[in-house]
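# Structural overview for review
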Amino acid sequence: MGATGAVGQQMVACLEERRFPVAQLFPLASERSLGKKVTYLGKEIQVEVLTKDSFKDIDIALFSAGGSISKEYGPMAADAGAVVVDNSSAWRMDPEIPLVVPEVNPQDIALYTNRGIIANPNCSTIQMVVVLQPLHAAARIKRVVVSTYQAVSGTGQKAVEELSAQVRALFSCQPVEKKVYPHRIAFNCLPHIDVFLENGYTKEEMKMVHETKKIMGDDSIEVTATTVRVPVFYGHSESVNLETEKKLTVAEAKKILAQAPGVKVVDDPAKNQYPMPLEAAGQDLTLVGRIREDFSIKNGLNLWVVADNLRKGAATNAVQIAEILIQDYLK
């Protein structure tokens, strides 16, 4: 569902790349996508308009069409017998719905039987917890301070087009149009992702706080976040500061992370090697580097974490969940 959107297109690509055993693919979208086609395994498949009857005989439904659509159609799909893997924020904090990152809490997938729905976490949360989990297992994380530098593709295809159009306009000395964001995003940074809440934080920032605790299964981890939109097309970056219960040296942290599933250590400052969005784009690994001690506290580390927000931050994570479903549960 949402097959013609930025994440939906990546989901189709991931199914193909990872050789997911699809007997039949049903691309669904709104009426705006009527007449469009999706290419899968070299064949063009007509996009169908979503209706309440779209889920008959469907085993797994990958949703990426926004929270309101997920709220309405997720239960319908589950009632029809499908297991829903939902990429929106609609179900993430529902206590009956598992919120899953396969490298961190794959065991929670078993809870899909509660409601027939599994939630895919926020993109910025996914890449952070993939790195946090192995360090938490080794030294128990007490506190996380994260600042994000998030690409415009996290807002959707219209935001990608807006950044591109604004750059062209500026270099052509033409007026700049703002439709997606309240301010110009080209050559600018906006400390504003999603809506502002009464506590002064944005919804995106509080997503990272609550989702991290739920995924890692530890409410005692203190998390505070500042999320920023930057003029990058693809790939979210994060500055992550950790305080741990047990002392971890830089060498120990690097060794742990080098062995962690889904993680690649890119950390050789002498050779100017560190994670960058350009390097992360198009791959499924979460890159971590600039690993260094925080000398202002007893047991502290600073990390720089980068991942492709459309792949590991959304599409790939959903397909990985589906892979575990068919391997362990839907036999």
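Our subject in this report is the structure included herewith. All figures in this text were calculated on a predicted structure; none of them were measured in a lab.

Each helix and strand in the protein chain was counted, giving eight helices and 13 strands. In terms of overall dimensions, the protein chain is globule-like: its C-alpha atoms have a radius of gyration of 20 Å, near the 20 Å expected for 331 residues. In terms of its C-alpha atoms, the protein chain occupies a principal-axis envelope of roughly 60 × 55 × 45 Å. Taking all 331 residues of the protein chain together, the buried fraction comes to 50%.

What follows deals with the pattern of salt bridges. Per the counting criterion, the structure on display carries 17 salt bridges. Two residues, glutamate 211 and arginine 92, come together in a salt bridge whose shortest N-O distance is 3.4 Å. With glutamate 211 in helix 5 (residues 203-216) and arginine 92 in the loop between strand 6 (83-86) and strand 7 (117-119), this residue pair connects regions lying 119 residues apart in the sequence. When the shortest N-O distance is used, the salt bridge between glutamate 243 and lysine 142 registers 3.9 Å. Linking glutamate 243 in strand 10 (residues 236-244) with lysine 142 in strand 8 (residues 141-150), this pair joins segments that are 101 residues apart in sequence. Salt bridges linked by common partners bring Glu17, Arg18, Asp284, Arg311 and Glu323 together as one network.

Most often, soluble globular proteins have nonpolar side chains that are buried together. Leu135, Val144, Val240 and Leu303 are the most contacted members of the largest nonpolar core, which has 50 residues in total. Counting residues per element, this core draws most heavily on helix 3 (residues 123-139), at eight residues. Those residues in contact with leucine 303 that sit more than four places away from it in its chain are Val131, Leu135, Glu238, Ser239, Val240, Leu242, Val288, Gly289, Arg290 and Ile291. Grouped together as the second largest cluster of nonpolar side chains are 29 residues, Cys14, Val83, Val85 and Ala318 included.

A positive phi angle is found at arginine 140, which is not glycine, with a value near 55°. The exposure class of arginine 140 is partly exposed, given its relative accessible area of 26%. Positioned with a positive phi, aspartate 194 is a non-glycine residue whose angle comes to about 70°. Within the element layout of this structure, aspartate 194 appears in the loop between helix 4 (157-171) and helix 5. The class of aspartate 194 is partly exposed, set by a relative accessible area of 32%.

We now examine the side chain of lysine 213. For lysine 213, the position within the fold is in helix 5. The buried charged residue lysine 213 lacks any salt bridge partner; its closest oppositely charged side chain belongs to glutamate 222, at an N-O distance of 4.2 Å. Residues in contact with lysine 213, not counting those within four places in the same chain, are Asp218, Asp219, Ile221 and Glu222.

Attention now moves to the pairing of strand 12 (residues 286-293). Across three bridges, the pairing between strand 11 (residues 263-265) and strand 12 is parallel. Among the inter-strand pairings, valine 265 is bridged to a residue of strand 12, identified as valine 288. Sheet topology note: the strand 12/strand 13 (residues 300-307) ladder contains five bridges and is antiparallel. Looking across to strand 13, one finds that leucine 287 is bridged to valine 306. In textbook terms, the turn of a hairpin is the stretch between consecutive antiparallel strands, and for strand 12 and strand 13 this stretch comprises six residues.

About the criteria used
Residues numbered from 1 in each chain as written. Predicted model: local features only at pLDDT ≥ 70, side-chain atom pairs only at ≥ 80, totals over all residues. Heavy atoms only, no water. Helix = DSSP H or I, 4+ residues; strand = E, 2+ residues; numbered from the N terminus. Rg over C-alpha atoms; globule rule 2.2 N^0.38 Å. Buried < 20%, exposed > 50% of the residue type's maximum accessible area, 1.4 Å probe, protein only. Salt bridge = Lys/Arg side-chain N within 4 Å of Asp/Glu carboxyl O. Core = buried A, V, L, I, M, F, W, Y, C linked by side-chain atoms within 4.5 Å. Contact = heavy atoms within 4.5 Å. Lys, Arg positive; Asp, Glu negative; His and termini not counted. Pairing = 2+ DSSP bridges.

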